[in-house]
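Residue-level listing of the chains:
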Amino acid sequence: VDVFMRLFGQEDEDGQMFETCLECLRTVYTLLSAVLPDQEGNNAVIFTQLEPKILPLIVEILKDEGLSFLEEGLEILTLYTYCSHSLSENVWKLFPELIKSYYDLELYDYLPFLLAPLDNYVSHGTQTFLAHPEYVKNVFDIIRQYMQDDNAREKDCHSAAKLISVLFQNCRGHLDEYLPGSLSMVLHKLQVSETTALRILLVDCLGDFMFYNAALTIQLMDTNKATPQVVRSWIGCLDQMTRLYDKRVAAIGLIFMMQTVASNPQQQTSVFQLSPEIVRALVHLLQDIHNHQVKVEQEQLQLEEERKIITGQLQNKDGSYRESIQQLLSGEGGTDQDAADVDDIRDTITNTQFFKGIMEELKATQHDPREADDNELEEENISTPLDEINEFLLFGQTMLGVNSSNKAVFERVVGQLDDQTRQGLTQLMQKAQV
């Protein structure tokens, strides 16, 4: 860190100082990644103690002179906004700086890099975020720049759609004033989108709107008589989904739609007429999700083996590895042997699938997100409020509720299912009764 701050901004005729600064940032990022706090909060104190060193570095990078290092700086900021579920006051001071830099430096091509820290500010500091209405407005203003522009590149709209999902997943009950406009933007983009990837991210938003407030979302769609077309387009995208995340968001969103049938048996919304199509799609989708989860569990066994390798590497013979990293990052010293040990361990860590999984979870990819294929969505290991939902149990309970509150609708649904789908529905309802 000290080397970077000393060289930053100096004249660099041959580009050597730039390369040195870049390597400093990459080393800081890798070492911080190796001591991320776990679920019990171990190592969190390291991040707190290093704030006086690391955060001023990020502030400098967010200025015009630091534009060449912006991607690396944002990756480090991603770590700091990710590492704690209670962001410090100093970390929050960077939020307005981030927004200011976005407009002052016209960082419109950098939204994929801004996505991860903005996501973490919202998801890890939700109450503070909501306590500042200007912060909420800042993020929605950025989203509008892309979602309301028919000429915006679809790869940029990917990040805008993901931000919509983050907001409505984490801020339930607090964004009612933004729901009509967000729904309108998403439905418009669905009509003009050219790639499967963007359409899937947009229907993810529909699922998140239903999770946020299904009754209000359906009411808004019914006002424009758009519900049948939207739901059928949504169902039509299910077979094109390859990521488990998208499948789960779709399932949960459609289940919340069906819950409105159980909770308002006398209210004849368009969902009543669409119920057979929704239930049929859900039964098949839940079976697909089950098969996908089995495959993921098998892959996790391999990652666990590599995690054990890393755990062994994180302890040198006197048990002071983490202290050595902290000393090196803070500029407090450390022997040449400490530095050599850290280099060896860093090489071991970065070559494992486990480390790559951490990078995916942080959404800090090693390639340029702006160069990603417009029509491909990479699997992401991310945590969301939807993780707490068991979609299989929720669906079974929802259909039991429909059967109890509106027998006619339930019989109409079952009567339009083929034998195999009807059997799958029965099994899901039976499991919900256990």
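As shown above, the structure is provided for reference.
This write-up is about the structure you can find in this document.

Scoring rules and cut-offs
Residues numbered from 1 in each chain as written. Predicted model: local features only at pLDDT ≥ 70, side-chain atom pairs only at ≥ 80, totals over all residues. Heavy atoms only, no water. Helix = DSSP H or I, 4+ residues; strand = E, 2+ residues; numbered from the N terminus. Buried < 20%, exposed > 50% of the residue type's maximum accessible area, 1.4 Å probe, protein only. Contact = heavy atoms within 4.5 Å. Areas by Shrake-Rupley, 256 points an atom, 1.4 Å probe, with all protein chains shown as cover. Axes fitted to C-alpha atoms, helices over the stretch in contact; angles between N-to-C directions. Parallel < 35°, antiparallel > 145°, perpendicular 65-115°, else oblique. Left-handed = near helix turned anticlockwise from the far one by under 90°. Nonpolar A, V, L, I, M, F, W, Y, C, P; charged D, E, K, R; others polar. Salt bridge = Lys/Arg side-chain N within 4 Å of Asp/Glu carboxyl O. Arc of directions from axis to C-beta. Phe/Tyr/Trp six-rings, centres within 6.5 Å; stacked < 30°, edge-to-face > 60°. Lys NZ or Arg CZ within 6 Å of the ring centre and 35° of its normal. Polar contact = N/O pair within 3.5 Å; in protein donor to acceptor, adjacent residues only side chain to side chain.

## Here's the deal with the overall build of the protein chain
In terms of helices and strands, the protein chain carries 21 helices and zero strands. Every one of the 434 residues in the protein chain was classed for burial, and the buried ones make up 50%. Considering only contacts in the protein chain between residues 6 or more positions apart, those separated by 24 or more positions represent 76%. Split by element, the accessible area of the protein chain, about 20,700 Å² in all, is 46% carbon and sulfur.

## A closer look at the packing of helix H4 (residues 70-82) against helix H7 (residues 111-124)
Here H4 crosses H7 at 15°, and the two axes come no closer than 9 Å. In this view, H4 runs roughly parallel relative to H7, as classed from their interaxial angle. Viewed along their axes, H4 and H7 form a crossing whose handedness is left-handed. Between H4 and H7, the residues in contact are Glu71, Leu74, Leu77, Thr78, Thr81 and Tyr82 and Phe113, Leu114, Ala116, Pro117, Asn120, Tyr121 and His124, respectively. Of the residues contributing to the contact of H4 with H7, the split by class is eight nonpolar, four polar and one charged.

## Focus on the pattern of salt bridges
Taken as a whole and judged by the stated rule, the model has twelve salt bridges. Linking Arg153 and Asp109 is a salt bridge whose minimum nitrogen-to-oxygen distance equals 3.3 Å. One end of the pair, Arg153, is in the loop between helix H9 (133-147) and helix H10 (154-170); the other, Asp109, is in the loop between helix H6 (94-104) and H7, with 44 residues separating them in the sequence. Among the residues examined, Asp109 registers a relative accessible area of 40% and is labelled partly exposed. A salt bridge links Glu277 to Arg232; its shortest N-O distance comes to 2.9 Å. Pair noted here: Glu277 is in helix H15 (residues 270-313) and Arg232 is in helix H13 (residues 227-237), with a separation of 45 residues, a long-range link. One salt-bridge network, held together by shared partners, links Asp109, Arg153 and Asp156.

## As for the environment of Leu386
For Leu386, the position within the fold is in the loop between helix H18 (353-362) and helix H19 (391-405). By relative accessible area, which is 2% here, Leu386 ends up buried. Spatially, the C-alpha atoms of Leu386 and Val249 are 7.6 Å apart, while their sequence positions differ by 137 residues. Each residue touching Leu386, except ones within four places of it in the same chain, is listed here: Gln169, Asp208, Phe211, Arg248, Val249 and Ile252.

## Considerations on unusual backbone geometry
Of note in the backbone geometry, Glu106 takes a positive phi value of approximately 50° without being a glycine. Here Glu106 is to be found in the loop between H6 and H7. A positive phi angle, close to 55°, is found at Lys225, a residue other than glycine. A relative accessible area of 77% means that Lys225 is categorised as exposed.

## Brief notes about H13
Buried within H13 we find Thr227, Val230, Val231, Trp234 and Cys237. Angular distribution of buried residues about the axis of H13 spans 120°; they occupy a single face of the element.

## A look at the packing of H9 against helix H11 (residues 179-192)
Packed helix pairs are characterised by how far apart their axes lie and by the angle those axes make with each other. Where H9 contacts H11, the two axes come as close as 11 Å, and the packing angle between them is 25°. As the angle between them shows, H9 and H11 are arranged roughly parallel. Between H9 and H11 lies a crossing of left-handed hand. Across the interface between the two elements, Phe140, Ile143, Arg144, Tyr146 and Met147 from H9 touch Ser182, Met185, Val186 and Lys189 from H11. When the residues that make up the contact of H9 with H11 are grouped by side-chain class, the tally is six nonpolar, one polar and two charged.

## Focus: the packing of aromatic side chains
The tally for this structure, following the rule as stated, stands at 16 aromatic pairs. Centre to centre, the rings of Phe211 and Phe256 are 5.8 Å apart; their planes meet at 90°, and the pair counts as edge-to-face. In this pair, Phe211 is assigned in helix H12 (residues 196-223) and Phe256 in helix H14 (residues 244-263), connecting sequence segments 45 residues apart. You'll find Phe211 and Phe256 in the same group, each marked buried. Linked through ring pairs, Trp92, Phe95, Tyr121, Phe129 and Tyr135 together constitute an aromatic cluster. The residue whose ring lies beneath Arg172 is Phe211, and the NZ or CZ to ring-centre distance is 4.0 Å.

## Quick word on the environment of Asn390
On the secondary structure map, Asn390 appears in the loop between H18 and H19. Among the residues examined, Asn390 registers a relative accessible area of 42% and is labelled partly exposed. Among the polar contacts made by the side chain of Asn390, one reaches the main-chain amide nitrogen of Leu393 at a distance of 3.0 Å.

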